[in-house]
Amino acid sequence: DDRLGAIMRMPGEMGEAARQLRPDMVYSLMLENPTMTDTGQVFNATAVTTAGGHANLGTAALSSAGLKAAISAMVKQRINRTTKDPGQALNLRPRFIIVPSDLEWAARELTAATALAKMFADSSDPFYAQLNLLAQEGLRVVVDDRIGAIGVMDPKLKAARTGSATNWFLAVGGNRGLRVAYRRGTNRQPQLRSFMLDRGQWGMGWDINMDIGVAFTEWRTWYKSTGAVA
């Protein structure tokens, strides 16, 4: 009669596992760095005037200078740029900075607004603090240790993908560049079914199905830094 709730706990555990599927797939894909149709990997340091070049991969550690350089690299991205054509300027600016747990506080310190600012150039205010120009970008810090050194289990390969304690990402967001799609008719939710065992078997069971796919559709809206020279 399941007085201890052992049986009915299983559907909840299956639902929790399904809830983890989407972020596991997204972060696995980011660490996979797949090859796109232009023959270049999503993140690479090759010049955009070269076939497959994306110029959206750096090695700078997460610092004020490194973050400013990454933002500038995103702003410089253009469409159809060649050695003879400057292309169409996009002026993209990131909205999210994605970091592992090891970089959480560094990211928050870099993006936090300074509470006090000096009012007069010739004053000797002990509470004076320099304005943080990076705070004006309004970057939202997203912390997820799936991109850290421990990594994440790739649902496709059933194998671990590891990031590092120093890598970090910038993204424009708004479903631009990385697309998560669900099979039509599923209402973007997992489908849980229950059934009763019969014909010599006693008990009940459940199965769960979730049709979801993740893919990079654009590389200009993303930037990655390894945080250390490879």
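Criteria and cut-off values
- Residues numbered from 1 in each chain as written.
- Predicted model: local features only at pLDDT ≥ 70, side-chain atom pairs only at ≥ 80, totals over all residues.
- Heavy atoms only, no water.
- Helix = DSSP H or I, 4+ residues; strand = E, 2+ residues; numbered from the N terminus.
- Expected span 1.5 Å × (residues − 1).
- Buried < 20%, exposed > 50% of the residue type's maximum accessible area, 1.4 Å probe, protein only.
- Arc of directions from axis to C-beta.
- Core = buried A, V, L, I, M, F, W, Y, C linked by side-chain atoms within 4.5 Å.
- Contact = heavy atoms within 4.5 Å.
- Lys, Arg positive; Asp, Glu negative; His and termini not counted.
- Salt bridge = Lys/Arg side-chain N within 4 Å of Asp/Glu carboxyl O.
- Pairing = 2+ DSSP bridges.

Draft legend 1. Representation of helix α2 (residues 64-75) within the structure. Its 12 residues place the ends of α2 17 Å apart at the C-alpha level, agreeing with the 16 Å of an ideal helix rising 1.5 Å per residue. Here α2 has its buried residues at G66, L67, A70, I71, A73 and M74. In an axial view of α2, the angular spread of the buried residues amounts to 160°, which keeps them on one side of the axis.

Draft legend 2. Structural detail: the nonpolar core. By size, the foremost hydrophobic cluster in this structure holds 24 residues, and its most contacted members are M30, I98, L178, F216 and W222. Residue assignment for this core shows that the elements contributing at least two residues are α1 (9-32), β8 (168-171), β9 (178-182) and β12 (212-216). Of the residues forming this core, the biggest block, 7 residues, is contributed by α1. Once residues lying within four places of it in the same chain are set aside, the contact partners of M30 are F43, I98, I147, F169, L178, F216 and W222. Grouped together as the second largest cluster of nonpolar side chains are 19 residues, M74, I97, L139 and L170 included.

Draft legend 3. The side chain of K224, seen in detail. Residue position: K224 is located in strand β13 (residues 222-225). Despite being buried, K224 has no salt bridge partner; E32 is the closest side chain of opposite charge, sitting 12 Å away. Excluding residues that lie within four positions of it along the chain, K224 makes contacts with F43, N56, L57, G58, N167, W168 and F169.

Draft legend 4. Up close: the environment of L103. Tracing the chain through its elements places L103 in the loop between β4 (96-99) and α3 (104-111). For the pair L103 and N167, spaced 64 residues apart in sequence, the C-alpha separation works out to 8.6 Å.

Draft legend 5. Broad picture of the sheet that holds strand β5 (residues 140-143). Ordered by their spatial adjacency, 5 strands build an open sheet running β1-β13-β8-β4-β5, and the pairing between neighbours is mixed. The open sheet has two free edges, formed respectively by β1 (57-58) and β5, since each of these has just one partner strand.

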